[in-house]
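Structural overview for review
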Amino acid sequence: MMLLGLSFARADVAKSLAPIPPATVALMAAKHTTPAAPLVIRTYKKEAELEVWKLSAEGRYVYIKTFPICRWSGQLGPKHHSGDRQTPEGFYPIGPKQMNPNSHYYLSFDTGFPNAYDKAHGATGSAVMVHGTCSSMGCFAMTDKEVGEIYAIARDALKGGQPAFQMQAYPFHMTAKNMALYRSDANIAFWTQLKEGSDRFESTGELLQTSVVAGKYAFAASSDPAKEAVAKAFHDAEQAKITELVADGSAAVRTTYSDGGQNAIFAALMKKGVSLGDVSRPEALAFAGLDVTLVPARRHRRPTTPVVADAEPAKAMPLVAEIVNAHATPLPDTIEPVALMPQLLRYRLYKPPVTQTLIAGAMPMRAAVLAN
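None of the values given here were measured: they were computed from a predicted structure.

Quick notes on the rules
Residues numbered from 1 in each chain as written. Predicted model: local features only at pLDDT ≥ 70, side-chain atom pairs only at ≥ 80, totals over all residues. Heavy atoms only, no water. Phe/Tyr/Trp six-rings, centres within 6.5 Å; stacked < 30°, edge-to-face > 60°. Helix = DSSP H or I, 4+ residues; strand = E, 2+ residues; numbered from the N terminus. Buried < 20%, exposed > 50% of the residue type's maximum accessible area, 1.4 Å probe, protein only. Lys NZ or Arg CZ within 6 Å of the ring centre and 35° of its normal. Contact = heavy atoms within 4.5 Å. Pairing = 2+ DSSP bridges. Axes fitted to C-alpha atoms, helices over the stretch in contact; angles between N-to-C directions. Parallel < 35°, antiparallel > 145°, perpendicular 65-115°, else oblique. Left-handed = near helix turned anticlockwise from the far one by under 90°. Nonpolar A, V, L, I, M, F, W, Y, C, P; charged D, E, K, R; others polar. Patch = residues over 30% accessible without salt bridge, like charges linked within 9 Å, V, L, I, M, F, W, Y side chains within 5 Å. Areas by Shrake-Rupley, 256 points an atom, 1.4 Å probe, with all protein chains shown as cover. Salt bridge = Lys/Arg side-chain N within 4 Å of Asp/Glu carboxyl O.

Digging into the packing of aromatic side chains
Any pair of aromatic rings gets described here by the distance separating the centres and the angle formed by the planes. According to the stated counting rule, one finds 15 aromatic pairs in the structure shown. Ring geometry for Trp-53 versus Tyr-63: centroids 6.0 Å apart, planes at 70°, classification edge-to-face. A residue pair is termed long-range when its members are at least 10 positions apart, and Trp-53 in strand β2 (residues 49-55) and Tyr-63 in strand β3 (residues 61-68) qualify at 10 residues. On the basis of relative accessible area, Trp-53 is assigned to the buried category, the value being 14%. Through a chain of ring-to-ring contacts, three or more aromatic side chains come together here, namely Tyr-44, Phe-91, Tyr-117, Tyr-170, Phe-190, Tyr-217 and Phe-219. Lying across the ring of Tyr-106, Lys-15 places its NZ or CZ 4.6 Å from the centre.

What follows is the structure, encoded as structure tokens:
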């Protein structure tokens, strides 16, 4: 038994020390960064994606690659208490002590939930992880192969001198379109805070310096005035896009889940009968990501185009053009032109009983009856 336990311990050490795959190292080199450079991880529930970003030689974080998430649990929105099966949303620092090479789920690291924001709102819970095995009770579950690579990337960044890498956990990609789409969701005020942090990171490429002020996330300004101006301009432009989308009549929805979801890649594999190992609550995945419309999209009126009396009639349809011009009258701005258009030739088409012809083998004749 002692020898068996020793062999398992050696296996755990071996997998936790596995190198980053050469293809991923090549991606880093192409973006002017290295395995030892500081790391940022970004997760998105709705899309079930985990992104890796690294600090480049130019001094800004750059996107490296995306890992599909095999399973996450709960709904869109923050985690509130232990046992609610919610995966967290927010900004979390992850240091060396949170790395677990001896996980029961292959390899893992603790997100650090609850953070200062979560505690300010009375949230409870612990051991909310990113781990292997496609099973989640509030965690971000990857495949064993994926978490092995993610663990190696995080390990090398910490060994390179980064005291803690940042995990930015979002409900979905924080685009203006998504913010307009979810504007009526109960979590929109919280997501607006996350959007501010996301905009700042993407526009400046700098690590977010977060704090909690009056129960809300606050972000330190960039030490570079030029970058701070870029961050403000980018965020203002995003807010303007959201306002424009709402004013333009875009729909608003709430996306519901039976119990979390998974990336479409894994959903397709499961439908084909491919085994993903120990998948938690597979029956719930059939009811994942159902959109409930809270505000329907508003239909747009066709733009009114005044008819110019002396315009040259269309050459392809001279008769129709002459009739339109003969009946042309100024149109009120509030009425669509089709409402006042003269009824030219209107046909009602239908399928009458088959008419037999006198010629053997001839095609049956079908009639179109003139209504007006």
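Quick word on the side chain of Asp-156
As for its placement among the helices and strands, Asp-156 is situated in helix α4 (residues 144-159). Those residues in contact with Asp-156 that lie beyond four places of it in its chain are Ile-20, Pro-35 and Ala-36.

Details of the sheet that holds β3
Ordered in space as β3-β2-β1-β10-β5, the five strands form an open sheet in which the pairing is mixed. Looking at strand neighbours, the two that pair on one side only are β3 and β5 (90-94), the edges of this open sheet. Sheet twist, expressed as the average angle between the axes of neighbouring strands with direction ignored, equals 20°. Both β5 and strand β10 (residues 165-170) contribute to a ladder of five bridges, which runs antiparallel. Paired with Pro-93 across the bridge in β10 is Gln-166. Strand contacts of α4: β1 (39-44), β2, β3, β5 and β10, with the helix running at about 155° to β3, the strand carrying the most contacts.

Describing the packing of helix α6 (residues 188-204) against helix α7 (residues 225-247)
As a packed pair, α6 and α7 sit with axes 9 Å apart at the nearest point and diverge in direction by 130°. As summarised for this structure, α6 and α7 are arranged oblique, according to the angle between their axes. With respect to the hand of their crossing, α6 and α7 are arranged in right-handed fashion. Residues Lys-195, Glu-196, Asp-199, Arg-200, Glu-202, Ser-203 and Thr-204 of α6 pack against Lys-227, Glu-228, Val-230, Ala-231, Phe-234, His-235, Glu-238 and Gln-239 of α7. Counted by class, the contact of α6 with α7 contains three nonpolar, four polar and eight charged residues.

Structural notes on the sheet that holds strand β8 (residues 129-131)
Strand order in this open sheet of five strands is β4-β9-β8-β7-β6, and the pairing throughout is mixed. Edge strands, defined here as strands with exactly one partner in the open sheet, are β4 (71-72) and β6 (99-100).

Comments concerning unusual backbone geometry
With an omega of 0°, the peptide bond running from Phe-113 to Pro-114 counts as cis. Turning to its location among the elements, Pro-114 is positioned in the loop between β7 (108-110) and α3 (116-120). Even without being glycine, Arg-85 reaches a positive phi, approximately 65°. Inspection of the secondary structure assignment puts Arg-85 in the loop between β4 and β5. Judged by its relative accessible area of 24%, Arg-85 falls in the partly exposed class.

Re a nonpolar patch on the surface
Judged by side-chain polarity, Val-292, Leu-294 and Val-295 come together as a nonpolar surface patch covering roughly 180 Å² of accessible area. Along the chain, Leu-294 turns up in strand β14 (residues 288-295).

Description of the environment of Thr-133
Here Thr-133 shows up in the loop between β8 and β9 (140-141). Along the backbone, Thr-133 and Val-147 are 14 residues apart, and their C-alpha atoms lie at a distance of 8.9 Å. Excluding residues that lie within four positions of it along the chain, Thr-133 makes contacts with Tyr-105, Ala-141, Met-142, Thr-143, Asp-144 and Asp-278.

A few points about the environment of Ala-37
Examined against the element boundaries, Ala-37 turns out to sit in the loop between α2 (22-30) and β1. Under the relative-accessibility criterion, Ala-37 is labelled buried at 11%. With 17 residues separating them along the chain, Ala-37 and Lys-54 place their C-alpha atoms 6.4 Å apart. Once residues lying within four places of it in the same chain are set aside, the contact partners of Ala-37 are Lys-54, Leu-55 and Ala-157.

Here's the deal with the pattern of salt bridges
With the rule as written, the count across this model stands at 14 salt bridges. The closest approach of N and O atoms between Lys-232 and Asp-236, which form a salt bridge, is 2.9 Å. Of this pair, Lys-232 and Asp-236 both sit in helix α7, separated by four residues, roughly a single helical turn. Note that Arg-281 is salt-bridged to Glu-283, the shortest N-O span being 3.1 Å. Take Arg-281: its relative accessible area is 36%, and that puts it in the partly exposed class. Three or more residues joined by partner-sharing salt bridges are found here, namely Arg-85, Asp-259, Arg-281 and Glu-283.

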